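Structure at a glance
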Amino acid sequence: MDDLIKLLAKKHVKEILQYLSIHGEVHFGQLHKDLQIHKGTLGNVLEELVDSGILNKRREDTGTLLPKTYYSLTDFGKRVLMVYKLCNTLKRGDTTPIKIIYGNKVIESSC
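Fair warning: this is a prediction, and the values are worked out from it, not measured in the lab.

Cut-offs applied
Residues numbered from 1 in each chain as written. Predicted model: local features only at pLDDT ≥ 70, side-chain atom pairs only at ≥ 80, totals over all residues. Heavy atoms only, no water. Pairing = 2+ DSSP bridges. Helix = DSSP H or I, 4+ residues; strand = E, 2+ residues; numbered from the N terminus. Contact = heavy atoms within 4.5 Å. Core = buried A, V, L, I, M, F, W, Y, C linked by side-chain atoms within 4.5 Å. Buried < 20%, exposed > 50% of the residue type's maximum accessible area, 1.4 Å probe, protein only. Salt bridge = Lys/Arg side-chain N within 4 Å of Asp/Glu carboxyl O. Polar contact = N/O pair within 3.5 Å; in protein donor to acceptor, adjacent residues only side chain to side chain.

Here we take up the sheet that holds strand β1 (residues 26-27). Within a sheet, each strand pairs with its neighbour through backbone hydrogen bonds, oriented either parallel or antiparallel. Spatially, β1-β3-β2 is the arrangement adopted by the 3 strands of the open sheet, whose pairing is antiparallel. Edge strands, defined here as strands with exactly one partner in the open sheet, are β1 and β2 (55-60). Bridging between β1 and strand β3 (residues 68-73) involves 2 bridges; their strand directions are antiparallel. Paired with valine 26 across the two strands is tyrosine 71, which belongs to β3.

Relative to the helices and strands, threonine 69 resides in strand β3. Once residues lying within four places of it in the same chain are set aside, the contact partners of threonine 69 are Val26, His27, Phe28, Lys57, Arg58 and Arg59.

Ile16, Leu17, Leu20, Leu31, Leu49 and Leu55 are the most contacted members of the largest nonpolar core, which has 22 residues in total. Mapped by element, the contributors of at least two residues to this core are α1 (2-8), α2 (13-23), α3 (28-35), α4 (39-51), β3 and α5 (75-89). The dominant element in this core, judged by the number of residues it contributes, is α2, at 5 residues.

Turning our eyes to something else, we now look at the pattern of salt bridges. Within this structure, the stated rule accounts for 4 salt bridges. Glutamate 48 serves as the salt-bridge partner of lysine 10, at 2.7 Å between the closest nitrogen and oxygen. On the criterion of sequence distance, the pair formed by lysine 10 in the loop between α1 and α2 and glutamate 48 in helix α4 is long-range, its members being 38 residues apart. A residue is classified by how much of its surface remains accessible, and glutamate 48, at 30% relative accessible area, is partly exposed.

So, about the side chain of histidine 12. Residue position: histidine 12 is located in the loop between α1 and α2. Engagement of the side chain of histidine 12 in a polar contact is seen with the side chain of glutamate 15, the distance being 2.8 Å. Apart from residues no more than four positions distant in its own chain, histidine 12 is found in contact with Ile37 and Thr41.

Another point: the pairing of β3. Each regular strand displays side chains that alternate between the two surfaces of the sheet. With respect to burial, β3 is a largely interior element, 5 of its 6 residues being buried. The pairing of β2 with β3 spans 6 bridges and is antiparallel. From the neighbouring strand, lysine 57 faces β3, where its bridge partner is tyrosine 71.

By themselves, these are just geometric observations and shouldn't be taken as functional.
Below is the structure:
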């Protein structure tokens, strides 16, 4: 769990996950172009997210020297993305009710 929290706190992770949540499966070049993250940094962060089970990685042979590599959120990744949404509701002064459904159990909090 500590490793997951450390990973989610890393620079660029939140924006990558949010981008993929909106755009679905995207190839590396498009991520690089749209997010303007250095290729080396982007590659390292994406590999960590794949290794942690947050992202899927798919390669497509295009007949060129390098295959295109595509990334998308796993089901676990979609659940992890909710951590950021929860953090937004926990900001000081926000009184938005929080509802968490875990299995058959519903936990509600209203301030």
